Amino acid sequence: MAYFIEESCISCGACESECPVSCIAAGDKAYVIDADACISCGACANVCPVDAPKEQ
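Reading the values: rules and limits
- In every chain, residue numbers begin from 1 and rise along the written sequence.
- Local features in this predicted model are restricted to residues whose pLDDT is 70 or higher, and side-chain atom pairs enter the listing and the counts only when it is 80 or higher, whereas totals over whole chains, interfaces and linings include all residues.
- Values reported for side chains reflect all heavy atoms of the structure, with hydrogen atoms and water molecules removed beforehand.
- To define a nonpolar core, start from buried Ala, Val, Leu, Ile, Met, Phe, Trp, Tyr and Cys residues and group those joined through side-chain atoms within 4.5 Å.
- Residue exposure (1.4 Å probe, protein chains only): buried if accessible area is under 20% of the type maximum, exposed if over 50%, otherwise partly exposed.
- Numbered from the N terminus, helices here are DSSP runs of H or I no shorter than four residues, and strands are runs of E no shorter than two.
- Any two residues having at least one pair of non-hydrogen atoms within 4.5 Å are treated as being in contact.
- Side-chain atoms alone can form a polar contact between residues adjacent in sequence; in general such a contact is a pair of N or O atoms within 3.5 Å, and within protein one must be able to donate a hydrogen while the other accepts it.
- Any Lys or Arg side-chain nitrogen found within 4 Å of a carboxyl oxygen on Asp or Glu counts as a salt bridge.

**Quick notes on the nonpolar core**
Of all hydrophobic cores here, the largest spans 16 residues; its most connected members are Ile5, Ile24 and Ile33. Elements supplying a minimum of two residues to this core: β1 (3-5), β3 (31-33) and α2 (43-47). Not counting chain neighbours up to four residues away, the residues in contact with Ile24 comprise Ile5, Cys15, Glu16, Cys19, Tyr31, Val32, Ile33 and Cys44.

Okay, here's the thing in structure tokens:
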């Protein structure tokens, strides 16, 4: 299952640099994950200070 980023995202960018497949990008209000490219590794969730990435 792919990850997604909840509204609690503070746009710090920590997740983007940790993603091994570069499927995370800055959105209008928060970072977003391309679900089709996500490999569900959890690297983003492990570094997020507000626990915004969640598994679908």
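Continuing now.
**Structural notes on the environment of Asp51**
Here Asp51 shows up in the loop between α2 and β4 (53-55). Take Asp51: its relative accessible area is 41%, and that puts it in the partly exposed class. For the pair Asp51 and Ala35, spaced 16 residues apart in sequence, the C-alpha separation works out to 18 Å. Among the polar contacts listed, one links the side chain of Asp51 to the side chain of Lys54, at a separation of 2.7 Å.

**Topic: the pattern of salt bridges**
With the rule as written, the count across this model stands at 1 salt bridge. Lys54 is the partner of Asp51 in a salt bridge, and the nearest nitrogen-oxygen pair spans 2.7 Å. When its relative accessible area of 26% is taken as the criterion, Lys54 is described as partly exposed.

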